[in-house]
Amino acid sequence: MSDTIRGSVTKVIDDATFDMKVTQLGNNNQYEYKNSERIRITDIYVADLLSLEGPRDKQNLEKAILGKEVKCFVQLRDTFDRVVAQVTILC
């Protein structure tokens, strides 16, 4: 997939997953996207939420992206219906 979606982060679920309100789609997207999508970040090392570091990593992700505009470079949609993507913070 080479699709892109853009929008604001509305909720952080865990240390590598968040919800976003989709406000812009790439011009050449091959797939459909909902107004709200759950995103799983690729290429990130985080602790499992059940470990001692898990809650800390979730808080760090919240500080970094909650309420911010992000662009997601979609790689696939997983079996949990999450968009798996590389994520760039825009502002």
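For the structure itself, look to the data block above.
Residues numbered from 1 in each chain as written. Predicted model: local features only at pLDDT ≥ 70, side-chain atom pairs only at ≥ 80, totals over all residues. Heavy atoms only, no water.

Re the side chain of Thr17
Logical step 1: Here Thr17 lies in strand S2 (residues 17–25).
Logical step 2: Looking at Thr17, the relative accessible area reads 1%, which means it is buried.
Logical step 3: Engagement of the side chain of Thr17 in a polar contact is seen with the side chain of Arg40, the distance being 2.9 Å.
Logical step 4: For Thr17, the contacting residues outside a window of four places in its chain are Val12, Arg38, Ile39, Arg40, Leu61 and Arg82. (Helix = DSSP H or I, 4+ residues; strand = E, 2+ residues; numbered from the N terminus. Buried < 20%, exposed > 50% of the residue type's maximum accessible area, 1.4 Å probe, protein only. Polar contact = N/O pair within 3.5 Å; in protein donor to acceptor, adjacent residues only side chain to side chain. Contact = heavy atoms within 4.5 Å.)

Quick look at the side chain of Asp19
Logical step 1: Of note, Asp19 is situated in strand S2.
Logical step 2: According to the relative accessible area criterion, Asp19 is buried, its value standing at 13%.
Logical step 3: Looking at Asp19, its side chain comes within polar contact range of the side chain of Arg38, at 2.7 Å.
Logical step 4: Ignoring any residue separated from it by four or fewer positions in sequence, one finds Asp19 in contact with Ser8, Val9, Thr10, Lys11, Ile13, Glu37 and Arg38.

Details of the pattern of salt bridges
Logical step 1: The full count for this structure, using the stated rule, is 8 salt bridges.
Logical step 2: The partner of Glu69 in a salt bridge is Arg6, and the shortest N-O contact between them spans 3.2 Å. You can see Glu69 sitting in strand S4 (residues 69–77) and its partner Arg6 sitting in strand S1 (residues 4–14), a full 63 residues away along the chain.
Logical step 3: We note a salt bridge from Asp81 to Arg77, for which the minimum N-O separation is 3.3 Å.
Logical step 4: The class of Arg77 is partly exposed, set by a relative accessible area of 29%.
Logical step 5: Here the salt bridges do not stand alone but share partners, grouping Lys34, Glu37, Arg77 and Asp81 into one network. (Salt bridge = Lys/Arg side-chain N within 4 Å of Asp/Glu carboxyl O.)

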